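Structure at a glance
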Amino acid sequence: MVDKKNLRTPIVSVMGHVDHGKTTLLDKIRGSSVAAGEAGAITQHIGATEVPIDVIVEKCGNPSLRERFVVPGLLFIDTPGHHAFTSLRSRGGALADLAIVVVDINEGFKPQTIESLQILKRFKTPFVVVANKIDRIHGWNPVPNASFLVSYNKQAEHVQQYLDNKFYEVIGELFNIGFNADRYDRIKDFQHTIGVIPISGHTGEGISDVLMVLLGLAQKFLEANLQYDASGPGVATVLEVKEERGLGTTVDLILYDGMLQKGDTIVLGSLGEPIQTKVRAILKPRPLSEIKSEEKFQQVDKVIAAVGIKISAPNLDGALAGTPLRVATAETIDKIVKDIKQEVDAVHIDTDTMGITIKADTIGSLEALVNELKKEEIAIRKADVGDITHRDIVEVSAIEESQYSVLVGFNVKILPDAKEKAQLSNIKLFVNDVIYRLIDDYKDWIEEQKELSEKNISETIVKPAVFQIMRDCIFRQSKPAVVGVRIRSGIVRTNTEVTNSDGVVVGKIKGLQLRSENIGTARTGMEVAMAIEGPTVGRQIKEEDILYVNVPERHAKILEHEISDSLSADELEALDVFLDIKRKDNPFWAK
Ligand SMILES: Nc1nc2c(ncn2[C@@H]2O[C@H](COP(=O)(O)OP(=O)(O)OP(=O)(O)O)[C@@H](O)[C@H]2O)c(=O)[nH]1
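Below you will find a few notes about this structure.

Quick notes on the rules
- Residues numbered from 1 in each chain as written.
- Predicted model: local features only at pLDDT ≥ 70, side-chain atom pairs only at ≥ 80, totals over all residues.
- Heavy atoms only, no water.
- Phe/Tyr/Trp six-rings, centres within 6.5 Å; stacked < 30°, edge-to-face > 60°.
- Helix = DSSP H or I, 4+ residues; strand = E, 2+ residues; numbered from the N terminus.
- Buried < 20%, exposed > 50% of the residue type's maximum accessible area, 1.4 Å probe, protein only.
- Expected span 1.5 Å × (residues − 1).
- Near = heavy atom within 4 Å.
- Polar contact = N/O pair within 3.5 Å; in protein donor to acceptor, adjacent residues only side chain to side chain.
- Areas by Shrake-Rupley, 256 points an atom, 1.4 Å probe, with all protein chains shown as cover.
- Salt bridge = Lys/Arg side-chain N within 4 Å of Asp/Glu carboxyl O.

Notes on the packing of aromatic side chains
Using the criterion set out here, one finds 7 aromatic pairs in the structure. When the ring of Phe578 is compared with that of Trp589, the centres are 5.9 Å apart and the planes differ by 75 degrees; the resulting orientation is edge-to-face. Linking Phe578 in helix α14 (residues 569-585) with Trp589 in the segment after α14, this pair joins segments that are 11 residues apart in sequence. Since its relative accessible area comes to 1%, Phe578 is described here as buried. Relative accessible area serves as the criterion here: at 11%, Trp589 is assigned to the buried category.

Some thoughts on helix α9 (residues 363-375)
In a regular helix each residue adds 1.5 Å, so 13 residues correspond to 18 Å; α9 covers 18 Å between its end C-alpha atoms and thus fits that length. Buried within α9 we find Ile363, Gly364, Ser365, Leu366, Ala368, Leu369, Val370 and Leu373. Immediately beyond the C-terminal end of α9, within one or two residues, lies Glu377, with a positive phi of roughly 55 degrees.

Re the site of the ligand
Lining the immediate environment of the ligand, one finds 15 residues, of which Lys22, Thr23, Thr24, Asp135 and Gly201 sit closest. At 3.1 Å, a side-chain N or O of Asn132 approaches an oxygen atom of the ligand. Measuring from a nitrogen atom of the ligand, one finds a side-chain N or O atom of Arg136 at 3.4 Å. Expressed as a share of its isolated accessible area of 640 Å², the protein-covered part of the ligand is 74%. It is helix α1 (residues 22-36) that provides the largest number of residues to the shell around the ligand, a total of 3 residues.

A word on the pattern of salt bridges
Following the criterion strictly, the structure yields 22 salt bridges and no others. Where Lys359 meets Asp392, a salt bridge forms, and the shortest distance between an N and an O atom there is 2.8 Å. Note that Lys359 is positioned in strand β21 (residues 356-360) and Asp392 in helix α10 (residues 390-397), a separation of 33 residues in sequence. Its salt-bridge partner being Glu544, residue Arg471 comes within 3.7 Å of it at the nearest N-O pair. On the criterion of sequence distance, the pair formed by Arg471 in strand β25 (residues 465-476) and Glu544 in the loop between β32 (527-533) and β33 (546-549) is long-range, its members being 73 residues apart. Judged by relative accessible area, which is 53%, Arg471 ranks as exposed. The class for Glu544 is partly exposed, based on a relative accessible area of 43%. Among the charged side chains, a salt-bridge network with shared partners connects Lys242, Glu244, Asp252 and Lys310.

As structure tokens, then:
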């Protein structure tokens, strides 16, 4: 049996596509919980909101549930954006124990929905999907704050039908990504089936169901992970590094294990050596009732996990979001510094000597981006945390290979002077807040570049062609010889050399005419007059001779190995015939 006293509050992250309703859902959970809780038992943390179990149970309207759950409540992380999930790591995994994926039932899955689900799959984090905005369904008759089933049963049949159809689209999309899913009330085994809950963040319908299912998941899957040592040294993850008026650089963090006190020595991750410093102040937001107070924060001497707080301390400047923070003593500090350095270095990416340059907002998101790029076998020269600076642009524009003169930024800004510099340089910039958009855009661009260079190549390269001098069509013997020819395969151009069937060059095409008009090219099947500089008819060439465009060896190599896909069938045939001629004497010609 688990000891209730040592169970910390599970940490829940809310993920999903932009505008599908994450903030509204969190606000509703907060607002309605405040309304439901007797003494406003809900507490606001820095970067998080804690909803105690009593409030949830009361909200669900079934006090007997209290006995069933041992977790103290749920701590929702407020940090916006799905990327927060990957940014916020604890030892050995994601910081969040559970997640809610919000999808607008009317719009269905969008890129960030899919990305969120893929992240959760990778981290093996239990989650629920909420199909939000059911109040937007035409004819919906809201029952504010009711459980979904109560509300659903009160809807007209055609409305229920419509909701069911939309709902099954969501289930189908989940299936496509590899998840079995069903409506939450029909699920017996949450381990193998994802619960989907139709809700409205506006009317509050279904919110109590979300809280219940989350508690159920916490209870079922997390108990062992939620044990903590309330008296042990604090372990935290940095949410954000922020300049705060009057306080200097501060760090917002989620303490997920142990205790943190004013004056404690702490170690936290940075890109160089880990930072060692002493906690000057621990700050919590003021209770809502004191909101008018001049000061946003109140100081406390001590906090115990799990809690979201801000700390101020000297030397926090190089601190990095997403990295660990730990309380150290004289005995443990060396080991902790070493561990944290290792942890940050492990993320700090082994790079290739040549490749693209990437930047991301936090170490966690950088790692996620690197993982995805590696999967696509895209080489990375340098991976760093932070906005895109003037220096980055200068560095990248010094790279000569155009496919690597590329900067990819995930969730970062391009600083103004960098933007200016980028416009003047030839580098390619990709900035987005969806990883796989970035990767798709980059891949599309590479493909485009390839096509462009293929086009360049194919315009400058000499292509093969075969033609025959027609009988009774000798118009001039020599200087230049003018003969009638039929093009048997390929396209003949002026100014290309001609060989005979032994591969010996006999002259150069000086002009082509069709019905007395000069033309630049002649295609398969055409019969044209050709002026050939060099040979004399009757000596080097004669009636009915088959002749070939002389493809230089280097061009033949490119044609055969690089752009054969872009050749037409008759060009390929001409190439084969020409290669056979050339390789008769030298089997390695153009190989
Ligand atoms: N009708 C209806 N509108 C909703 C609901 N939930 C959210 N909205 C609206 O949808 C819009 C986006 O909601 P947000 O909560 O800001 O969405 P978000 O996912 O947090 O968006 P970002 O923070 O930008 O990623 C707002 O105009 C909300 O009022 C809902 O349940 N019903």
